[in-house]
Amino acid sequence: MDMDINTYFGALKIGLKPYLESLKSFQFSYFNPLFWVFIFILFLILLRIWEIKKSFSYCVLLSLILLATTELETWLAGIWTKSGETFDPLLIRILTFLVIVIISIYYATIKEIMAR
């Protein structure tokens, strides 16, 4: 029986590996099930801290930002590489990180004060 479970976990690991590699390289996609699983887990964690509306809106906003960042990187990479230059998305990722930090601070503090 243990052999069967290990076989299933091995197959699951092999099947999900490309999706995990995509997330490791900061490439977020609508079609990546692990991306949505992580967003859902974040939602469940935030439910313990915030109300459902606040948790859901934060997770949706975070998802949209990450998906839009990937689309922007792909679009800009296409433009830059056509002209023969290299494209480093570090600046876009730093700006995205700053936007996420600002939104997180807003959701954690300011929105809490305004709800009172």
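Residues numbered from 1 in each chain as written. Predicted model: local features only at pLDDT ≥ 70, side-chain atom pairs only at ≥ 80, totals over all residues. Heavy atoms only, no water.

1. Structural notes on the confidence of the model for the protein
Inference 1: Confidence in the prediction of the protein, expressed as mean pLDDT, is 86, and 92% of residues score 70 or more.
Inference 2: Within the protein, helix 2 (residues 33-47) carries the highest mean pLDDT (95), whereas helix 1 (residues 2-24) carries the lowest (75). (pLDDT = per-residue confidence, 0-100. Helix = DSSP H or I, 4+ residues; strand = E, 2+ residues; numbered from the N terminus.)

2. Here we look at helix 3 (residues 52-82)
Inference 1: Here helix 3 spans 45 Å end to end across 31 residues, near enough to the 45 Å set by a 1.5 Å rise per residue.
Inference 2: At the exit of helix 3 stands Gly84, carrying a positive phi of roughly 90°. (Expected span 1.5 Å × (residues − 1).)

3. Observations concerning a nonpolar patch on the surface
Inference 1: Taken together, the side chains of Leu90, Leu91, Ile94, Leu95, Phe97, Leu98, Val101 and Ile105 make up a nonpolar region of the molecular surface, amounting to roughly 760 Å² of accessible area.
Inference 2: Inspection of the secondary structure assignment puts Ile105 in helix 4 (residues 90-115). (Patch = residues over 30% accessible without salt bridge, like charges linked within 9 Å, V, L, I, M, F, W, Y side chains within 5 Å. Areas by Shrake-Rupley, 256 points an atom, 1.4 Å probe, with all protein chains shown as cover. Salt bridge = Lys/Arg side-chain N within 4 Å of Asp/Glu carboxyl O.)

4. What about the pattern of salt bridges?
Inference 1: Inspection of every chain in the model, using the stated rule, returns 2 salt bridges.
Inference 2: Lys24 is the salt-bridge partner of Glu21, the closest N and O atoms lying 3.8 Å from each other. Of this pair, Glu21 and Lys24 both sit in helix 1, 3 residues apart, roughly one helical turn.
Inference 3: Of the charged contacts in the structure, one is a salt bridge between Glu73 and Arg93, with a shortest N-O distance of 3.0 Å. Pair noted here: Glu73 is in helix 3 and Arg93 is in helix 4, with a separation of 20 residues, a long-range link.

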